[in-house]
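# Per-entry structural report
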Amino acid sequence: MKQILNFPFGGDGFLGTRASFMLDVVVVAMVGVLALLALSLWLVRYRRRYRLHRSLQLALTAGLLIVVGLFETEMRLHGWRARAEASPFYGTWVMPALAVHLAFSISTCALWAAVMAAALRNFGWRPLPGPHSLRHRFWGRLAALDMLGTAVSGWLFYWLAFGAAG
């Protein structure tokens with residue numbers, strides 16, 4: 001029963017690296033996040049599907065909160081360093097890559113929250129273009145680029161720490 005209560009925390013991953021289950025989930029989830037983010041931006045820009053854009057963004061936000069919450073729980077319970085120590089880059093590139101990734105991920109979190117809060121406040125539940133649109137477009141694009149930086153830097157960190165053979 002104890003093993004069921006700990007799932008997925010601390011278990012081995014499924015991508016064939018030294019990473020844990022939740023690290024692998026996050027690596028794969030970021031592919032989906034970027035795909036849904038691109039779809040959402042395409043729908044609003046080229047199809048003017050404002051409600052669908054809002055719905056996708058809210059779903060992405062909820063999904064990210066859940067996955068990141070589970071991921072952070074695992075990191076606090078089990079850490080990651082013991083799994084990364086076998087990397088040939090552990091003493092050189094792993095920590096700088098993590099620092100870059102954290103800079104992107106923390107700024108993405110702040111930007112995403114600010115863009116979502118401003119959008120809900122200024123567009124409401126029936127989103128249509130209006131006075132807030134230019135500001136939303138600028139900050140939304142910046143948040144999307146920041147999310148791309150989060151994903152790419154996270155994948156680099158993942159490979160350096162858990163994928164590279166020792």
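As a reminder, the structure under discussion sits directly above these lines.
Computed from a prediction, not measured in an experiment: that's the story for all the values here. (Residues numbered from 1 in each chain as written. Predicted model: local features only at pLDDT ≥ 70, side-chain atom pairs only at ≥ 80, totals over all residues. Heavy atoms only, no water.)

### Here we look at the overall build of the chain
- Looking only at helices and strands, one finds six helices and zero strands in the chain.
- Its helices and strands in sequence order give the chain the pattern α-α-α-α-α-α, from N to C terminus.
- For the chain, the spread of C-alpha atoms along the three principal axes comes to 55 × 40 × 25 Å.
- Restricting to contacts in the chain with at least 6 residues of sequence separation, those with at least 24 account for 72%. (Helix = DSSP H or I, 4+ residues; strand = E, 2+ residues; numbered from the N terminus. Contact = heavy atoms within 4.5 Å.)

### Some points on the packing of aromatic side chains
- Going through the model one piece at a time under the given rule, you end up with seven aromatic pairs.
- Judged by centre distance (5.3 Å) and plane angle (80°), the ring pair of tryptophan 80 and phenylalanine 157 falls under edge-to-face. Here tryptophan 80, found in the loop between α3 (50–78) and α4 (81–84), pairs with phenylalanine 157, found in helix α6 (residues 133–163); they are 77 residues apart in sequence, far enough to count as distant.
- Here phenylalanine 157 falls in the buried class, since its relative accessible area comes to 7%.
- Seen from their ring centres, phenylalanine 157 and phenylalanine 162 are 5.9 Å apart, and the 90° between their planes marks the pair as edge-to-face. An identical accessibility class is assigned to phenylalanine 157 and phenylalanine 162; each is buried.
- Taken together, the aromatic side chains of Trp80, Phe157, Tyr158 and Phe162 make up a single cluster linked through ring pairs. (Phe/Tyr/Trp six-rings, centres within 6.5 Å; stacked < 30°, edge-to-face > 60°. Buried < 20%, exposed > 50% of the residue type's maximum accessible area, 1.4 Å probe, protein only.)

### Observations concerning a positive patch on the surface
- Together, Arg45, Arg48, Arg137 and Arg141 give the surface a local cluster of positive charge.
- Its relative accessible area of 41% is what places arginine 137 among the partly exposed residues. (Patch = residues over 30% accessible without salt bridge, like charges linked within 9 Å, V, L, I, M, F, W, Y side chains within 5 Å. Areas by Shrake-Rupley, 256 points an atom, 1.4 Å probe, with all protein chains shown as cover. Salt bridge = Lys/Arg side-chain N within 4 Å of Asp/Glu carboxyl O. Lys, Arg positive; Asp, Glu negative; His and termini not counted. Charge placed at Lys NZ, Arg CZ, Asp CG, Glu CD.)

### As for α3
- For α3, spanning 29 residues, the distance from its first C-alpha to its last is 41 Å, which sits close to the expected 42 Å at 1.5 Å a residue.
- Along α3, the residues that are buried comprise Tyr50, His53, Arg54, Leu56, Gln57, Leu60, Thr61, Leu64, Phe71, Glu74 and Met75.
- Buried residues in α3 make contact with α2 (21–46), α5 (94–123) and α6.
- Just downstream of α3, glycine 79 is the residue with a positive phi angle, here 70°. (Expected span 1.5 Å × (residues − 1).)

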